[in-house]
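Residue-level structure breakdown
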Amino acid sequence: MSTPLARAALGYATKLRRRVFPLGPWSKLPDGELCPHGWHDASADAEQVRAWWTARPHANIALECSPRSGLL
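Here is a short report on the structure shown in this document. This structure is a prediction, so every number in the text was calculated from the model and none was measured.

**Describing the pattern of salt bridges**
One pass over the structure, following the stated rule, counts 4 salt bridges. Notably, a salt bridge pairs Glu64 with Arg19, separated by 2.5 Å at the nearest N-O pair. Of this pair, Glu64 sits in the segment after strand S2 (59–63) while Arg19 sits in the loop between helix H1 (4–14) and strand S1 (20–25), placing them 45 residues apart in sequence. The salt bridge involving Glu33 is made with Arg56; its shortest N-O contact spans 3.1 Å. With Glu33 in the loop between S1 and helix H2 (46–55) and Arg56 in the loop between H2 and S2, this residue pair connects regions lying 23 residues apart in the sequence. When its relative accessible area of 67% is taken as the criterion, Glu33 is described as exposed.

Here it is, written out as structure tokens:
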């Protein structure tokens, strides 16, 4: 994981067990190619997170905030 964003996304997923998903670089919108269903595609799986941020190293990070996330 080469960028600070990629390392942070992996940390949220693995250390905090939060489901994350990529946003477009410098955007607040989900990356439609990598997660076409937006927050529904969120994952805490390390391999999935690595794959997303390998494909888009500068993607912004979003945390799933649905009722099932327990975040709110």
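**Things to note about the environment of Trp52**
As for its position among the elements, Trp52 is in helix H2. Overall, Trp52 belongs to the buried group, its relative accessible area being 5%. A sequence separation of 22 residues divides Trp52 from Pro30, and the C-alpha atoms of the two residues are 12 Å apart. If near-sequence neighbours (up to four positions away) are discounted, Trp52 is found in contact with Val20, Phe21, Pro22, Leu34, Cys35, Asp41, Ala42 and Ser43.

About the criteria used
Residues numbered from 1 in each chain as written. Predicted model: local features only at pLDDT ≥ 70, side-chain atom pairs only at ≥ 80, totals over all residues. Heavy atoms only, no water. Salt bridge = Lys/Arg side-chain N within 4 Å of Asp/Glu carboxyl O. Helix = DSSP H or I, 4+ residues; strand = E, 2+ residues; numbered from the N terminus. Buried < 20%, exposed > 50% of the residue type's maximum accessible area, 1.4 Å probe, protein only. Contact = heavy atoms within 4.5 Å.

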